[in-house]
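Secondary and tertiary structure notes
So the chains spell out like this:
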Amino acid sequence: MIAQLDEFVVLSPVVYEKSNVAQNPSSVSLSVRYFRSSRLVFKPKASLAESIQSSSSGLASRISRAAKTEAQVVLFDYLHSTRNFSFVDAEHMSKNSPHFLQNLLSKIDPEKDVAKSLNKFLRYNPINEFEPFFESLGLSPSELVSLVPQRLMFLRDDSVMLDNFHVLCDYGIPRSKMGKMYKEAREIFGYDYGVLALKLQAYENLGLSKPTVIKLVNCCPSLLVGGVDAEFAGVLERIKVVGIKNDEIGGYLSGKGMYDWGRMLGTLNFLDRVGYTEEQLGNLFKTNPALLFQGSGKTVYVLFGRLIKLGLRMDDVYSLFMQNPHILSVKCTKNLCKALDFLFDIAMGIEDIAHIVSTHMELMGSCSLKGPKTVCRELNVKKDELCQIIKEDPLKWFSVASKSEVQSSGQVASKDPSKYLEKTAFLLRLGYLENSDEMLKALKQFRGRGDQLQERLDCLVNAGLDCNVAKNLIRHAPMVLNQSKDVIEKKIDYLKNCLGYPLESVVSFPAYLCYDMERINHRFSMYVWLRERGAAKTMLSLSTILACSDARFVKYFVEVHPEGPTKWECLKKSWHSI
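Below or above, wherever it landed, is the structure these notes cover. Numbers given for residues are sequential positions, taken from 1 along each chain in its written order. Totals for whole chains, interfaces and linings use every residue, but because this is a predicted model, local features are given only for residues with pLDDT of at least 70 and side-chain atom pairs only at 80 or more, for both listing and counting. As a rule here, side-chain values come from all non-hydrogen atoms in the structure, and water together with hydrogens is ignored.

Quick word on the packing of aromatic side chains
Any Phe, Tyr or Trp ring, taking Trp's six-membered ring, that has another such ring centre within 6.5 Å forms a pair; planes under 30 degrees apart are called stacked, those over 60 apart edge-to-face, and the others tilted. Per the stated rule, a full pass over the model turns up 20 aromatic pairs. Ring centres of F76 and F87 lie 5.1 Å apart, and the angle between their planes is 70°; this geometry places the pair in the edge-to-face category. Of this pair, F76 sits in helix α3 (residues 65-82) while F87 sits in helix α4 (residues 87-95), and the two are eleven residues apart along the sequence. A simple rule labels every residue: compare its accessible area, found with a 1.4 Å probe on the protein chains alone, to the largest value its type can have, and call it buried under 20%, exposed over 50%, or partly exposed in between. A residue is classified by how much of its surface remains accessible, and F87, at 10% relative accessible area, is buried. Note on F134 and Y182: the rings are 4.8 Å apart at their centroids and 40° apart in plane angle, and the pair reads as tilted. One end of the pair, F134, is in helix α7 (residues 130-136); the other, Y182, is in helix α10 (residues 178-184), with 48 residues separating them in the sequence. Per residue, the accessibility class of F134 equals that of Y182, and both read buried. Strands are runs of DSSP state E lasting at least 2 residues, helices are runs of H or I lasting at least 4, and numbering of each runs from the N terminus.

Structure representation (structure tokens):
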């Protein structure tokens, strides 16, 4: 059944409605089991696509936040208690399927008792479980149309897909990222039992750490299709030769990027033929990793192609690259291409442009230039006159067209130059690009001097986290480093030695390090007490225990045991008495 996942045909799911109830004109995408009744009417045109419109309907706009929260709790209870999903699976689906909940609420009157109405509705109308499931994996409603199976309603009917989903969960891949994996490489979810785990292990056998493999398959799900990707293995081998460690590759990948390992390998081979030494390549990629990993090396080919089109011979281009190895940095390449556009804009001849490139490539790459119109307006000349000025004296072009060095980041630096430089150096080591908008935002988010921030980051590394994993964690959760070194160390020690959780658990839930010790102590003490009495599963995720509201925690971790409320009060009193 699962082997045919990639052959699904989009058909409209069947929806049955009561004829005596006024329905929202935008039909809801709930596949409902048929019960014989004269009050039911068959509507063949209802589809998932229509459900997307309901989110903008008048009914949707008047559903309160409280009603949505109640619906979330009802859906959790339905999935966990009625459908026997694990606590973690039910919780994730109910908390991360807002569009499905919106559609569910459109089936009842949200002004009345939401919990009672929804419980009654779900008692007689089983839902299509694939819809909240796929949405909770990060897929949008429009993407669900082609992914929800035609003739299945219950997830357990597709046990192979569910088994592979749990293999990925157990390996540590975030659930919210799996939608992208399912959409781009559906075959992953169709493997027989044990196959997917072996494929993940195969990449670890290449010398990659588990966190790096997680990042890798998140960004490139296709790597898990078939055997180990030979082109990826080739790239890994080549960058290892130039001094880049295997696990450093994880710090260069982004979930938003698309990676062509064949083109990357071709780029490395091309630069090798140009004459770059291993040391030069290592320095080039360490200082400008985006050159290879952003666009899979496309920048190199684009720049090379533009220079060839100017009439430069292949040997001349090779020579220019060797004389100016830094020209392939992201910033220099961008400046050079803009400079070429400038010269084309003022209608300079190809031969003249080629001459300027041959003699002034370094300046063209290092200067950020104003636009031709701006320069003409400032000099009060026409484009043809400007063209003549540049041909006679190219150096004058750079003096009149170069942008001011004053940048917005300079305003930040002027307040405390030494502190700014320290913090900037730290952020550069984290992977932020100099003078980028992201860097400016990070300068405001991270509090403390550069050496203090580094000291706090070292706490995570010294505790056992891989350096690249720690850097990635901090970039996603900057607030972690806004605490003192002592506080971070105390929380890590409590996690490992008191709670018995591995340090890697903070990678999927870095917010653990931001909760106060009182909340952590209270909740985990209660959880451990329940676990010892067999009333709770072992090793629930940190987010399940800490992130839920107080009312939800009391319901599922206190009231589940007869003596729970008494124990809970004792724990709170004992903490306040300290």
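Quick word on the pattern of salt bridges
Whenever a carboxyl oxygen of Asp or Glu lies within 4 Å of a side-chain nitrogen of Lys or Arg, that contact is scored as a salt bridge. Applying the stated criterion across every chain, the model contains 15 salt bridges. Linking K180 and E184 is a salt bridge whose minimum nitrogen-to-oxygen distance equals 3.4 Å. Pair noted here: K180 and E184 are both in helix α10, with a separation of four residues, about one helical turn. For E184, a relative accessible area of 37% gives the class partly exposed. A salt bridge links D352 to K391; the shortest N-O distance between them is 3.8 Å. Residue D352 is found in helix α20 (residues 350-366), and its partner K391 is found in helix α22 (residues 383-392); the two are separated by 39 residues along the sequence. Residue classification places D352 among the partly exposed residues on the basis of a relative accessible area of 31%. Overall, K391 belongs to the partly exposed group, its relative accessible area being 37%.

Re the side chain of T212
Among the secondary structure elements, T212 is positioned in helix α12 (residues 210-219). Classification of T212 by relative accessible area gives buried; the value is 4%. The residues contacting T212, other than those within four sequence positions of it, are D247, I249 and G250. We call two residues in contact whenever any of their non-hydrogen atoms come within 4.5 Å of each other.

Quick word on unusual backbone geometry
At N84, a position not held by glycine, the phi torsion is positive, near 60°. Relative to the helices and strands, N84 is located in the loop between α3 and α4. On the basis of relative accessible area, N84 is assigned to the exposed category, the value being 55%. With a phi angle near 60°, N380 is a residue other than glycine that sits in the positive phi range. With respect to the helices, strands and loops of the structure, N380 is situated in the loop between α21 (372-379) and α22.

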